[in-house]
Amino acid sequence: MATELNTAVKNGDLMLVRQLLEDGADINAKVEYGWTPLHSAVQINSKKIVKFLLEKGADPLARKDNGATPFILAGLTGNVKLLKLFLDKGSSINECDINGFTAFMEAACEGKEKALRFLYKRGADVNQRREVDENKKAVKKGGATALMDAAKHGHFALVKILIKKMGADINICDNRDGNALIHALSEEENWNKSRQKLALFLLKNNIDAKKRDVKGKTVLILAVERESLALVKAILKLDEVDLDDADENNETALHVAVKKKNIAIAKLLCEKRARVDNDVLDIARRTYQDKMIKLLQKYKSPDSPRQPEEILRRNCQEFSSNRWKSKLQKLSQMHRPMIGKLKIFEYQDLWIQKTTQGGVYLGFYAGEEVAVKVLWKGSENAQREKMCLEKCRNSKYLVKFRGSEERKAILYLCLTLCEKNLQEYFKEENSTAMESKKILKKIFQAVKELHAFGFGHQELHPSNILIDVTGKIFLADFDKSREITDDTKHSVISEDLQGLQKLILYVVKRGELDFEHLPTECPKTVKEHKEIEDLRGKLKLPDKTTLADSLLEMLIYHPYFWSKEKKYSALRDIGNEIRTAHATKTNGILKALKCEHDPFMDWQEKVIY
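Looking up the chain in an unreviewed UniProt entry gives the name Ribonuclease L, with the organism given as Pseudonaja textilis.

Structure, rendered in structure tokens:
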């Protein structure tokens, strides 16, 4: 009967719906994929049947198997009356299905302007990104916004409304690091003048033109694929893109222009000094393009390798990294334009870590495998990190600085490649290899060393503690670092010591607690919690007269870091001293232990031999 009821709703047969309900049909019964009669009524856009079903007890918050509610479907149909009805029945304005789609996003996908405006007025989050589960995040799905949806489906009017009237953030990226411009250029089959205007509008509104699609294609390559001369001109005018940048198949914008037999775009790229090599000429010869061959020969580039031979087609066994080995080999086999001594492909498949400033990618610097932090050259963060790294070159516990390169507005900082950060390490099954004390001691030594070089880190976090292939621990990420001066010493060091207090708890709990929501004290279930709390308590600087710069030096010798053998020796020596001292009252240790109201006063009774 459930199927009959749903079919009757789909057919818009209200009389049959009434009859089936009178005969005992379940008004909330689900058919294939979790569709209820109410979902089907919204799908056919029938307010009459929707109201009737709600009056008879239909669940307005019921979800399909994919998590979609009737309210979300109403966003897809664009029916404002139904949207209002469901909001009055308890629907949440930003509720989403398991793929992260909201009613606002569905309206953007379908070009439903009235629904979009209504939802915005009722409080829809314009910049909400699609939230997906961890499995989907792992393959870089999700993260898109309504603006990206409108751009992808070519709804130019909605894109303008979202940006100009609703304040949509034009440079938000999805989980594949694609922005609205990438989404606008992604639909080759449906490309038309309206989509071209949309893309040009995004460029005029300062969207980041340095993004890539999932195949590593730059916006310039995508514009050439769409054979949009106007868009190619607009992108080149920005002077932000590398003409010779290639996708994952090693094809540049000029390769694509020649394949498309578009001589006008090819001529423009050649005039702008795109590299004309034998590969490009071979494409023209194979496709018998006489005019194209003459054009390319006129601008033929001098023969030179696109990367040094020492990193061309290296074998996996030659890389020291275990985690990144296969990706390093992939990069080594790509023909990439060199940036000075650096070979890099800013492509999400070669990400190490995404940052708020840009990202960290795999690369080769002077033939050596490195992690490359990409930053805006003019930003304060970039200047801070570069200065700190340059002055700390000879460090022992800080990540090693290999060199830097610049290209237009971008700064590339090349660092020793590590395998994982502390967060990742604690998630591994074999994360018991390193003792908490050893990890913390290395972190203390790293912070002490950074202070000795004249800098405070200011953002100590598990993601900034790196572990290399040999298991050595290094401190990284100095884009928030501050120089230590006489005036700033107390405040800068105090902030780092507060970070260390949190890291102690995080490490002794082996990453089980969220770093952002740690308790104020060490749980009593943790072994040696009294020593841990004493260590944390000594990391507080009560006033500016405290010897801030020497405190860490002293705390590295705190009893918490002692081995069992050293602790035993200390207790034995004290015990021996008590036996021989007799009535001596001048001994400092004994006086401290026998101090009235001190928790250690009766320590002898508590020691187990």
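### A few points about the overall build of the chain
Along the chain, the regular secondary structure elements total 29 helices and 11 strands. For the chain, the proportion of its 609 residues judged to be buried stands at 52%. In the chain, once contacts between residues fewer than 6 apart in sequence are set aside, the share between residues at least 24 apart is 66%. Element-wise, carbon and sulfur atoms account for 49% of the exposed surface of the chain, whose accessible area totals about 30,500 Å².

### Topic: the pattern of salt bridges
Pairs can form between side chains of opposite charge once their charged atoms are near each other. One pass over the full model with this rule turns up 31 salt bridges. Residue Glu 113 is joined to Arg 117 by a salt bridge in which the shortest nitrogen-to-oxygen separation is 3.0 Å. Of this pair, Glu 113 and Arg 117 both sit in helix α8 (residues 113–121), four residues apart, roughly one helical turn. A salt bridge links Asp 349 to Lys 330, with the nearest nitrogen and oxygen atoms 2.8 Å apart. Here the residue Asp 349 occupies a position in the loop between β1 (342–344) and β2 (351–354), and Lys 330 occupies one in helix α20 (residues 325–332), the gap between them amounting to 19 residues. Beyond isolated ion pairs, a larger network of salt bridges with shared partners links Lys 373, Glu 385, Asp 477 and Asp 479.

### Description of empty space enclosed by the protein
The full count for this structure, using the stated rule, is one cavity of 30 Å³ or more. If you add up the space inside the largest cavity, you get close to 40 Å³. In terms of lining residues, the largest cavity is bounded by Arg 212, Asp 245, Arg 336, Pro 337, Ile 339, Ile 344, Phe 345, Glu 346 and Arg 407. A class-by-class count of the residues in the lining of the largest cavity yields four nonpolar, no polar and five charged.

### Digging into the packing of helix α5 (residues 70–77) against helix α6 (residues 80–88)
Contact geometry for α5 and α6: axes closest at 9 Å, N-to-C directions at 160°. What the angle tells us is that α5 and α6 run roughly antiparallel. In this structure, α5 meets α6 at a crossing whose hand is left-handed. For the pair formed by α5 and α6, the contact residues are Pro 70, Phe 71, Ala 74 and Gly 75 on the first element and Leu 82, Leu 83, Phe 86 and Leu 87 on the second. Residue composition of the contact of α5 with α6, grouped by class: seven nonpolar, one polar and no charged.

### Some points on the layout of surface pockets
By volume, the second largest pocket is sized at about 1,200 Å³. Taken together, 37 residues form the lining of the second largest pocket, with Ile 352, Gln 353, Lys 354, Asn 421 and Glu 424 sitting closest to its centre. Looking at the lining of the second largest pocket, the elements that each hand over two or more residues are α9 (134–138), β2, β4 (368–376), β6 (410–416), β7 (420–421) and α22 (422–427). Counting residues per element, the lining of the second largest pocket draws most heavily on β2, which supplies four residues. Structurally, the lining of the second largest pocket is a two-domain feature, drawing no fewer than three residues from each of domain 2 (326–416) and domain 3 (436–561).

### Describing the packing of aromatic side chains
The way to describe two aromatic rings as a pair is by their centre distance and the angle between their planes. Applying the stated rule across the entire model yields eight aromatic pairs. An angle of 55° between the planes, with centres 5.7 Å apart, marks the rings of Tyr 425 and Phe 426 as tilted. Just as Tyr 425 is buried, Phe 426 falls in that class too. By the ring-pair criterion, three or more aromatic residues cluster together here, those being Tyr 425, Phe 426, Tyr 506 and Phe 515.

### Remarks on helix α18 (residues 278–286)
Looking at α18, one finds that the buried residues are Val 280, Leu 281, Ile 283 and Ala 284. Axial view of α18: buried residues confined to an arc of 155°, hence all on one face. Tucked into the core, α18 has its buried residues touching α16 (253–259) and α19 (290–298). With a side-chain oxygen lying 3.2 Å from the backbone nitrogen of Asp 279, the N-terminal cap of α18 falls on Asp 277.

### A short note on the environment of Leu 362
Note that Leu 362 resides in strand β3 (residues 359–365). When the C-alpha positions of Leu 362 and Lys 327 are compared, they lie 8.1 Å apart, and in sequence the two are 35 residues distant. Non-local contacts of Leu 362, meaning those with residues more than four positions away in its chain, are made with Trp 324, Lys 327, Leu 328, Leu 331, Ile 344, Leu 350, Ile 352, Val 370, Val 372 and Leu 417.

### Let's talk about the sheet that holds β7
If you walk across this open sheet you meet the three strands as β7-β9-β10, and the pairing is antiparallel. In this open sheet, the two edge strands, each paired with only one partner strand, are β7 and β10 (473–475). Pairing analysis gives two bridges linking β7 to strand β9 (residues 465–467), with the strands arranged antiparallel. Paired with Lys 420 across the bridge in β9 is Ile 467. Running at roughly 35° to β10, helix α23 (residues 436–452) makes contact with β9 and β10 of the sheet.

### Focus: the UniProt feature "repeat: ANK" (unreviewed entry) in the chain
Residues given the UniProt feature "repeat: ANK" (unreviewed entry) here are residues 1–32, 33–65, 66–98, 99–131, 142–175 and 249–277. Between the end C-alpha atoms of residues 33–65 the distance is 5 Å, and the span holds 48% helix and 0% strand. When the span residues 142–175 is considered, its composition is 50% helix and 0% strand, and the gap between its end C-alpha atoms is 6 Å.

### Comments concerning the nonpolar core
With 101 residues, the main nonpolar core has Leu 53, Leu 119, Leu 202, Leu 220, Leu 254, Leu 269 and Leu 296 as its most contacted residues. Those residues in contact with Leu 53 that lie beyond four places of it in its chain are Val 9, Val 17, Leu 21, Ile 27, Pro 37, Leu 38, Ala 41 and Ala 58. Counting 59 residues, the second largest nonpolar core, distinct from the first, contains Leu 413, Ile 443, Leu 450 and Phe 474.

### Some points on the side chain of Lys 211
Tracing the backbone through its elements, the reader meets Lys 211 in the loop between α13 (193–204) and α14 (219–225). Here the side chain of Lys 211 touches Asp 177 through a polar contact of 3.2 Å, side chain to side chain. When residues no more than four places from it in sequence are discounted, the contact partners of Lys 211 are Cys 173, Asp 177, Asn 179, Ile 182, Lys 217, Thr 218 and Val 219.

Basis of the calculations
- Residues numbered from 1 in each chain as written.
- Predicted model: local features only at pLDDT ≥ 70, side-chain atom pairs only at ≥ 80, totals over all residues.
- Heavy atoms only, no water.
- Helix = DSSP H or I, 4+ residues; strand = E, 2+ residues; numbered from the N terminus.
- Buried < 20%, exposed > 50% of the residue type's maximum accessible area, 1.4 Å probe, protein only.
- Contact = heavy atoms within 4.5 Å.
- Areas by Shrake-Rupley, 256 points an atom, 1.4 Å probe, with all protein chains shown as cover.
- Salt bridge = Lys/Arg side-chain N within 4 Å of Asp/Glu carboxyl O.
- 1 Å grid on protein atoms, 1.4 Å probe; cavity = no way out; pocket = protein on both sides within 12 Å on 5 of 7 lines; lining within 4 Å.
- Points joined across faces, edges and corners; volume = space filled by probe spheres on them.
- Nonpolar A, V, L, I, M, F, W, Y, C, P; charged D, E, K, R; others polar.
- Axes fitted to C-alpha atoms, helices over the stretch in contact; angles between N-to-C directions.
- Parallel < 35°, antiparallel > 145°, perpendicular 65-115°, else oblique.
- Left-handed = near helix turned anticlockwise from the far one by under 90°.
- Domains from an automatic or database assignment.
- Phe/Tyr/Trp six-rings, centres within 6.5 Å; stacked < 30°, edge-to-face > 60°.
- Arc of directions from axis to C-beta.
- Polar contact = N/O pair within 3.5 Å; in protein donor to acceptor, adjacent residues only side chain to side chain.
- Pairing = 2+ DSSP bridges.
- UniProt positions renumbered as here; feature names shortened; annotations may be inferred.
- Core = buried A, V, L, I, M, F, W, Y, C linked by side-chain atoms within 4.5 Å.

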